[in-house]
Amino acid sequence: MSAIARVRPAPRRIPNIRPRMRRVELGLLLVVAAALVVGGASLGATERWLRAQATGEAITAFGFAPPDPRGLGAYILGLLAVHAAFVLAGRRTDQILLPAIGMLGGIGLLLMQRLPQSLVTQSFGTLELGLGELQLVWLLISLAVLALLALLVRSDRWLRAYKYTWAAAGILLLAMTFVFGTDVNGARLTLSIGPISGQPSELLKVILVVFLAAYLSENRPLLAEESMRLGPLRLPPIPYLAPMVAMWAIALGVVVVQRDLGAALLFFAVFLALLFVATGRVSYVVGGMVLFLAGSWVLYQVFAHVQVRVDNWLDPFRDPLGQGFQTVQALYAFGRGGLLGVGLGAGLPTIAGHLPVPAVHTDYPLAALGEELGLTGLLAIFGLYLVIVERGLRIAAAAQDEFRALLAAGLSLVIGVQAFIIAAGNLKLIPLTGITLPFISYGGSSLLANAIAAGLLLALSDAGAVPPPPPRARRWRRRSREERA
Amino acid sequence: MLGRTDSRVRALLILLAFILVAGTLGVRLAYWQVTRRDELAAMAVRESSTTYSIAAQRGSIYDRTGTVLLATSVSRDLLAVDSKDLTPGQQASTAATVVRILGLTGDAAQLATQLVTSGRPYAVLAHDLTPDQSDAIRAASSGSSPTAFGLILSPEELRQYTQPGGAPGTTLAAQLLGFVNRAGQGQYGVEEYYQSVLAGKDTVVAAQQDGAGNLVPDTSTVLEQGYPGKDLELTIDASLQVAVEQELLAAWIADRAKRVSAVVMDPYDGEVYAYASYPSYNANDYMQLANTNPGVFVDPIVSTVYEPGSVFKMMTADAVIGAGVVKPTTMFNDPGHLVLDNGATHVHDANKQSMPRMTFAKGVAWSRNVVATEAAMRLGTTAQAARILYNTWLTLGYGQKTGIDVANEVAGILHDPSVTPWRQIDLANASFGQGMAVTPIQLAQAYAAMLNGGTLVQPRVVKSIGNQDTAAVSKGRVMTPQLAQTLMQMMKEVVTSVPYYASGTLIPGYEVGGKTGTAQIWDTATNAWKVNLFNYSFIGYIARKPGHPDLVVAVRIEEGRPTVIRQGELEMPVMSFELFRRIAHDAITTPYLIPDTQQVPPPPQVAP
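Given the structure is predicted, the values throughout are model-derived calculations rather than measurements. (Residues numbered from 1 in each chain as written. Chains lettered and ligands numbered in written order. Predicted model: local features only at pLDDT ≥ 70, side-chain atom pairs only at ≥ 80, totals over all residues. Heavy atoms only, no water.)

Q: Now, about the overall build of chain B: what can you tell me, with residues and values included?
A: Along chain B, the regular secondary structure elements total 20 helices and 25 strands. Per-residue burial over chain B gives 52% buried out of 608 residues. Sequence separation of at least 24 residues holds for 73% of the intrachain contacts in chain B that already meet a minimum separation of 6. A total of about 25900 Å² of accessible surface is found on chain B, and carbon and sulfur atoms cover 55% of it. (Helix = DSSP H or I, 4+ residues; strand = E, 2+ residues; numbered from the N terminus. Buried < 20%, exposed > 50% of the residue type's maximum accessible area, 1.4 Å probe, protein only. Contact = heavy atoms within 4.5 Å. Areas by Shrake-Rupley, 256 points an atom, 1.4 Å probe, with all protein chains shown as cover.)

Written out as structure tokens, the structure reads:
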């Protein structure tokens, strides 16, 4: 027992691999698989019926085959494979997260399969992949990444010890995007390496959480203590606040320069939430929000594209065929959906192969889902995100030290906050910001980044993981207590 | 010092915040999806529904036999391109394919290439593709390795005028028919006058469309049921029309005229058998002509007016004989010229020479201006005479549209003596057809009344609409049958008593009659009479049975250049009465054109 606490970390070997049944996870995964199969069948039948309507041929028998049964099957098998790996590895990790994520990913897969496949295509040699196939490939890769992280990460030293290195890497990534990136819709978000392109800001959000968790956990006592007053504001000592604020400011600045408002909002919200969790200081949150509102006002005054976004938010019906087109069409989609939705595949997005909402696969999946699944379906989806947040916070509460607690909270928050930001944007609650809906939207980097976050969460949830290294500041005290014992 | 327990409470607070946010989202969602659902759905339907028209087939136009097709509509494809989403490679390939299939060269090829590579969502490349070209475009756009991308073929109607005219480079009865523009609107002539009948009514359909404007299948409902246009059968006889157009071309060349026109009409029911002018045009080329020579579209028979000249002496005859102040046998002196308005003005005969004392009929036959003036002056004071003459013109249909079913008819210009009192010179000029402006169709209509026993009949060019025959439109009796008979006899005397006319007009085996007119032309540019340019007219009749005219033929040679033999005696290769004779002969010998027996009462004989 006491040997663990010695300066030398535990030897890097995997102790006591013993398969451990995960009944809850299996049961939930079977529910998820059943739901997805029913969804696929409903989608296939609806699509065939609509096609027959369009061509005028008579329907002799109802076919319930999903539009891409092999794809759906591969995804469900992938989920079960991850489950099997968890069982075999025998780690006592969370059993709710995988089914929740699997359900969201499956809904996303069905949505991508029913949208026009030509929306996104990519060729690898002679192999040409459409939207649904690409999403499936990315989902499978993400599941693999999630499983690997959940299985292999046993120590968090590599995360907490190199926080400044991670921060530097994140900034470098953004800087590279800014210099070498390609412009899409006026925002420079995409970095292409060979055939694969990604949005580094997705990865950056994970890095930011890691850095914030490490920094806040190390300096929490100092940050929590008031040592400086500025009028009614109580501030922590400048030297301790500075690196963190600088990191945040640089990230935010680069994001603003890149015009990625959604990421900026996400970073800031996660930053404030973690600051609150770490210090318990409501004044930081209030002060931060005041700063945020002031910053937003400045942005609105300075940047034309921010003004467009805000004006669209305030009154999209002023220019329903121009700037407000997408917003208005999304609201129409919500309206058509109603309480129960029109049914998978029966929404307008597929008709004649054209989309009323062009960014339906990235920014507006909720509009399509709201139309087809209705209020009920969307509430269920919100529920799934809440489950993820709840699991993350529960993991945080059970964590063995401050860093792990903050990391777990931050990782789940980053997923939950992102989902709610885009949902609020879709619902015209706040101005629309161009970020993805985690696990549902199309996009490799989004899926990967969220899978990394989920994988780390799972790893953190292991009650039998390697214990955290002792806090440096209090090492002597604990040792003496142990010695006394 | 804060412990883990506090952190746990804070995590709970965060979770509560999340639940609060999720609740807000749910409420907001319910707001859109339940509270405002109907409103949004209605707006979406309104925005996503569209109406479009299915064009009705335009009716065709046939000649009076119903066998000769003069105008018809065929479906041709319009070629457009949507190059918005094409790669540069696809654009280049498409451009090359379009240039090859349409056989474009030079600037046209360059323009097409430019449009295909423009990246515009819609650009029209060509109209009226031949069926072969349409098939080639379809073939190139489909298959496993298409060479053309983003091309759109949409059918549109092309009006075709199938019969060549009597003159090279023209279509038959071009000015009478008019043409149809790209918008499907008839322009000029019958096409314009019968636009609504020919065009039919488009079917209006409402359908749902998605956000990209594509129609959603199976959502269309017919809002307004349309119907196809009706076919027209003209009163024109195609073979006679060809012959008349050929005669006009020959006269136009020989006389170096600006324009020549002729109308052949049935005097009893107003059916126009031939209706032609030269220069004419090819109606299939109307778009090019609209840029180069739009004036050729104007129909000289109904849309241009001129001073008729001596053909109007028949109106004077109508007035004076009808008033009973002159008989055809009344004798007149003709000193060659006449001083009027107390010496302020004078009129003279064309040759400015006196002739021996002659009857009124002879005076009209020799076209003596002095005799016409003296006869008009016998109607009373100048004011009384003016009133009677003017009323006669109105009665005979001058100064108002004849109502012929051809577009753009004009009414002509008459000077009402009650507005501006006439002087003696005005009365004199009026008596021999100077000082007013009339159209050839008005002259034909008035002469027809004199020839059919005294009834004014509206000229018309459409014999049947769909399968419904049109009826003759009578405007009522305008003179007694006796007077009509007298006037016809005078017309006959014109071509029999004057040797010069007789040699150019008489047709063995038929009875002909008519009146010549040679009018000076006032040049508004120089404010002087045009030198040696005249408007020649002849309106006459031809009859197979003596005393029973079968046809009235109006001929006009505009700004012919005669050779002056001596003063008042002008010679042209084809004089107006010679042109009349040719056309009248063509018409009277056209098989099955004129009914064998005209159902009219035999005109009563009057004492000479």
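Q: So, the overall build of chain A: which residues are in play, and what are the values?
A: Summing up its helical and strand segments, chain A has 16 helices and 7 strands in all. For chain A, buried positions account for 53% of its 485 residues. For chain A, contacts bridging at least 24 residues in sequence account for 73% of all contacts bridging at least 6.

Q: Go over the side chain of Ser217 of chain A with me, naming the residues and quoting the values.
A: All names here are of chain A. Looking at the element boundaries, Ser217 is found in helix H7 (residues 200-224). Classification of Ser217 by relative accessible area gives buried; the value is 18%. A distance of 2.9 Å separates a polar side-chain atom of Ser217 from the backbone oxygen of Ala214. Discounting chain neighbours no more than four positions away, the residues touching Ser217 are Leu212, Glu402, Phe403 and Leu406. (Polar contact = N/O pair within 3.5 Å; in protein donor to acceptor, adjacent residues only side chain to side chain.)

Q: Can you lay out helix H15 (residues 444-461) of chain A for me, pointing to particular residues and giving the numbers?
A: A rise of 1.5 Å per residue sets the reference length of H15 of chain A, with its 18 residues, at 26 Å; its end C-alpha atoms lie 25 Å apart and thus fit the reference within 8%. Of all 18 residues that make up H15 of chain A, 15 are buried, and the element is covered over most of its length. (Expected span 1.5 Å × (residues − 1).)

Q: I'd love a proper account of the pattern of salt bridges, names of residues and values included.
A: If charged atoms from side chains of opposite charge come close, those side chains can pair. Tallying each qualifying case throughout the model produces 35 salt bridges over all chains. Of the charged contacts in the structure, one is a salt bridge between Glu558 of chain B and Arg556 of chain B, with a shortest N-O distance of 3.4 Å. (Salt bridge = Lys/Arg side-chain N within 4 Å of Asp/Glu carboxyl O.)

Q: Residues and numbers for the environment of Tyr194 of chain B, please.
A: Residue and element names in this part refer to chain B. For Tyr194, the location among the structural elements is in the loop between helix H7 (189-193) and helix H8 (195-199). With 211 residues separating them along the chain, Tyr194 and Asp405 place their C-alpha atoms 7.9 Å apart. Excluding anything up to four places from it in sequence, Tyr194 contacts Leu232, Asp405, Val462 and Ile465.

Q: Mind laying out the sheet that holds strand S22 (residues 528-543) of chain B, listing which residues take part and the relevant values?
A: Residue and element names in this part refer to chain B. Strands sit in the order S12-S11-S23-S22-S21 across an open sheet of 5 strands; the sheet is antiparallel. Where the open sheet ends on each side, the last strands, each with one partner, are strand S12 (272-278) and strand S21 (511-523). Pairwise comparison of adjacent strand axes, ignoring direction, gives a mean angle of 10 degrees for this sheet. For S22 and strand S23 (residues 551-560), the ladder comprises 8 bridges, and the chain directions are antiparallel. Within S23, the position partnered with Tyr541 by the bridge is Val552. Running at roughly 145 degrees to S23, helix H17 (residues 440-451) makes contact with strand S11 (259-265), S21, S22 and S23 of the sheet. (Pairing = 2+ DSSP bridges. Axes fitted to C-alpha atoms, helices over the stretch in contact; angles between N-to-C directions.)

Q: Explain the packing of aromatic side chains to me, using residue names and the numbers behind them.
A: Residue and element names in this part refer to chain B. Using the criterion set out here, one finds 25 aromatic pairs over all chains in the structure. Pairing Tyr500 with Tyr501 gives two aromatic rings, centres 5.7 Å apart and planes at 35 degrees, and the pair type is tilted. Taking the relative accessible area as the measure of exposure, Tyr500 reaches 31% and is therefore partly exposed. Overall, the relative accessible area of 12% leaves Tyr501 in the buried class. Grouped by ring-pair contacts, the aromatic residues Phe179, Tyr188, Tyr281, Tyr286 and Phe297 constitute a single cluster. A cation over an aromatic ring shows up here: Arg556 above the ring of Tyr306, its NZ or CZ 3.9 Å from the ring centre. (Phe/Tyr/Trp six-rings, centres within 6.5 Å; stacked < 30°, edge-to-face > 60°. Lys NZ or Arg CZ within 6 Å of the ring centre and 35° of its normal.)

Q: Now, about the packing of helix H3 (residues 88-102) of chain B against helix H4 (residues 106-116) of chain B: what can you tell me, with residues and values included?
A: The relative placement of two packed helices comes down to the angle between their axes together with the axis-to-axis distance. Residue and element names in this part refer to chain B. Their axes nearest at 9 Å, the elements H3 and H4 cross at an angle of 150 degrees. Where H3 crosses over H4, the handedness of that crossing is right-handed. In this structure, H3 uses Gln91, Thr94, Ala95 and Val99 to contact H4, whose residues at the interface are Ala109, Thr113 and Val116. For the contact of H3 with H4, the per-class residue count stands at 4 nonpolar, 3 polar and no charged. (Left-handed = near helix turned anticlockwise from the far one by under 90°. Nonpolar A, V, L, I, M, F, W, Y, C, P; charged D, E, K, R; others polar.)

Q: Kindly report on the nonpolar core, identifying the contributing residues and their values.
A: Formed by 138 residues in total, the largest nonpolar core has its most connected members in Phe86, Leu146, Phe334, Tyr385, Leu407, Leu411 and Phe420 of chain A. Ranked by residue count, the leading element in this core is helix H14 (residues 402-426) of chain A, at 17 residues. Dropping the residues within four chain positions of it, Leu407 of chain A is found in contact with Leu159, Val209, Val210, Ala213 and Leu460 of chain A. By size, the runner-up hydrophobic cluster in this structure holds 89 residues, among which are Ala71, Leu177, Leu396 and Ala543 of chain B. (Core = buried A, V, L, I, M, F, W, Y, C linked by side-chain atoms within 4.5 Å.)

Q: So what about the confidence of the model for chain A? Which residues, and what values?
A: Residue and element names in this part refer to chain A. Model confidence for chain A is summarised by a mean pLDDT of 79, while 77% of its residues fall at 70 or above. Confidence over residues 1-5 falls short of pLDDT 50; this stretch has 3 contacts with residues more than four positions distant or in other chains. In this model, residues 474-482 is a region of pLDDT below 50 whose contacts with residues beyond four sequence positions or in other chains number 4 contacts. (pLDDT = per-residue confidence, 0-100.)

Q: Please give an account of the confidence of the model for chain B that cites residues and values.
A: Taken residue by residue, chain B gives an average pLDDT of 87. The fraction at 70 or more is 93%. Here the predicted complex carries an ipTM of 0.82, next to a pTM of 0.56.

Q: Mind laying out helix H20 (residues 576-588) of chain B, listing which residues take part and the relevant values?
A: Residue and element names in this part refer to chain B. Taking 1.5 Å of rise per residue, the 13 residues of H20 would be expected to cover 18 Å, and the 18 Å separating its terminal C-alpha atoms lies within 8% of that figure. Of all 13 residues making up H20, 10 are buried, and the element is well covered by its neighbours. Every buried residue belonging to H20 is among Ser576, Phe577, Glu578, Leu579, Phe580, Ile583, Ala584, Asp586, Ala587 and Ile588, and all of these are buried. Elements in contact with the buried residues of H20: helix H9 (238-255), S11, helix H19 (499-505), S21, S22 and S23.

Q: Provide a residue-level description of the pairing of strand S13 (residues 331-334) of chain B, including the pertinent values.
A: Residue and element names in this part refer to chain B. Residues of S13 alternate between two faces, with Phe332 and Asp334 buried on one and Met331 and Asn333 left unburied on the opposite face. Relative to strand S16 (residues 355-359), S13 runs antiparallel, the two sharing 3 bridges. The residue bridging Met331 from the neighbouring strand is Thr359, located in S16.

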